[in-house]
Amino acid sequence: MSVQRKVVIVPCSGIGKTYGTVSREAAYEIVEDLRPKDAQLVALSMLVLGDESTRAAVAGNQAITIDGCKLACASKMVKENGGRVAQEIAVLDVYRRYKQFKPNGIAELNEGGLHLAHALAEEVAISIDNLRSKNKEGQNA
Amino acid sequence: MAEFLETTIDKFIFKVATDRSYSSEGLWVKAEGDRLRVGLSDFLQQRSGDVAFAEVKPEGTLLKMGDEIASIESIKVNISLTSPVSGTIVKVNPAMTTTPESINQDPYGEGWLVILEDGNVTKAALLDPQAYLALMKGQAEQEAKNQ
């Protein structure tokens, strides 16, 4: 029997912040559309509240964090809860690579924000694939 | 090595380097021989937020005081920055293209914007560090009240 654990995706929980919304939109797209079998969404707020099942998910799986600002709450909270951050992503760094997708809006992103979220989601999907193939190699070795 | 004046407002610490002058907008000017180096104050960079892009006027641009010297896009705002002095841009900081976040990381050092030659500083238009500290402190306290 081989067990492949899902990669945990932890986006920013910044409500009322455009970059936080981009991070969450990207996270939804990853777990709902791009890699539903390989990725699991963890709400940062549940981690902050100390929810046991959320802490267990983070402690037992590799995580990709998506932070909306330099406070990097998602990355910090995962580490504080014993998680292993396989990749830290900052929305701003992604935006620097996709200057044409200027995000705006909070509850609803503008077109640029949706495109940016999609670009970010695709980058994370590739990271998930890389992590999983590394894990497979590790199991076969 | 620059020394700093410092003030704390709410949870934020703002530094003002003592070896240069400031515009009321928050740009600093430092004389280096016959050249002038220009950049953003710590308060202006913190108030603006994380910088995504900085577009600086190209080398060779002749600036009058009040002309746009650069525009900055951050996670919070788009700002057009006006030159606190006149002169010709002889060097643009290459980091503005590759790592504009250096404005946030090191506003008085690596995060400078341009170097000007044939500069003309209108002393009356610039503030010394103590005067700028008092001005920015007032602005910061007002912002803290509004939040």
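Residues numbered from 1 in each chain as written. Chains lettered and ligands numbered in written order. Predicted model: local features only at pLDDT ≥ 70, side-chain atom pairs only at ≥ 80, totals over all residues.

**Q** What am I meant to see in the overall build of chain A here?
**A** Summing up its helical and strand segments, chain A has six helices and four strands in all. Walking chain A from its N terminus toward its C terminus, one meets helices and strands in the order β-α-β-α-α-β-α-β-α-α. In terms of overall dimensions, chain A is globule-like: its C-alpha atoms have a radius of gyration of 15 Å, near the 14 Å expected for 141 residues. C-alpha extents for chain A along the principal axes are approximately 45 × 30 × 25 Å. Among the 141 residues that make up chain A, the fraction classed as buried is 39%. (Helix = DSSP H or I, 4+ residues; strand = E, 2+ residues; numbered from the N terminus. Rg over C-alpha atoms; globule rule 2.2 N^0.38 Å. Buried ≥ 20, exposed ≤ 12 C-beta atoms within 10 Å, placed from the backbone.)

**Q** Sorry, what's going on with the sheet that holds strand β3 (residues 21–22) of chain B here?
**A** Strands belonging to one sheet form pairs held by backbone hydrogen bonds; the direction of such a pair is parallel or antiparallel. Residues and elements named next belong to chain B. Ordered by their spatial adjacency, six strands build an open sheet running β3-β4-β5-β11-β10-β7, and the pairing between neighbours is antiparallel. The open sheet has two free edges, formed respectively by β3 and β7 (62–63), since each of these has just one partner strand. Of the pairings in the sheet, the one linking β3 to strand β4 (residues 27–32) comprises two bridges and is antiparallel in character. If you follow S21 over to β4, its bridge partner there is V29. (Pairing = 2+ DSSP bridges.)

**Q** I keep staring at the interface of chain B and chain A and nothing clicks. Help me out?
**A** Frequently, the measure chosen for interface size is the accessible area that the parts lose on association. Taken together, the four residues of chain B in the interface contact seven residues of chain A. In terms of residue class, the side of chain B that touches chain A is built from three nonpolar, no polar and one charged. (Contact = placed C-beta atoms within 7 Å. Nonpolar A, V, L, I, M, F, W, Y, C, P; charged D, E, K, R; others polar.)

**Q** Explanation requested: the nonpolar core in the structure shown.
**A** Across soluble globular proteins, nonpolar side chains have a tendency to be buried as a group. I9, A26, V91, L120 and V124 of chain A together with V38 and V114 of chain B are the most contacted members of the largest nonpolar core, which has 72 residues in total. The contacts of V114 of chain B, once residues within four sequence positions are left out, are V38, V56, I69, I89, K91, V92 and N93 of chain B. (Core = buried A, V, L, I, M, F, W, Y, C linked by C-beta atoms within 7 Å.)

**Q** Mind showing me how you'd approach the environment of A57 of chain A here?
**A** Residue and element names in this part refer to chain A. If you trace the backbone, A57 turns up in helix α3 (residues 52–60). Separated by 55 residues in the primary sequence, A57 and G112 place their C-alpha atoms 32 Å from one another. Once residues lying within four places of it in the same chain are set aside, the contact partners of A57 are V8, Q40 and V42.

**Q** It is not clear to me how α3 of chain A should be interpreted in this structure. Could you clarify?
**A** Helical geometry note: an α-helix holds 3.6 residues per turn, so side chains three or four residues apart project in the same direction. All names here are of chain A. Looking at α3, one finds that the buried residues are T54, R55, A57 and V58. In an axial view of α3, the angular spread of the buried residues amounts to 160 degrees, which keeps them on one side of the axis. Residues E52, S53 and A56 are exposed on α3 and point more than 90 degrees away from its buried face. (Arc of directions from axis to C-beta.)

**Q** I would appreciate a short explanation of the confidence of the model for chain B in the present structure.
**A** Caution applies to low-pLDDT regions: their predicted coordinates should not be interpreted in detail. Predicted confidence across chain B gives a mean pLDDT of 94, with 99% of residues reaching 70 or more. Two numbers describe this predicted complex: its pTM, 0.83, and its ipTM, 0.70. (pLDDT = per-residue confidence, 0-100.)

**Q** Is there a simple way to explain the environment of S41 of chain B in this structure?
**A** Residues and elements named next belong to chain B. Position of S41 among the secondary structure elements: in the loop between β5 (35–40) and α1 (42–48). On a C-alpha basis, the gap between S41 and L27 in space is 5.6 Å, while along the polypeptide they are 14 residues apart. When sequence neighbours within four positions are dropped, the list of residues in contact with S41 reads V16, Y22, G26, L27, W28, P107 and M136.

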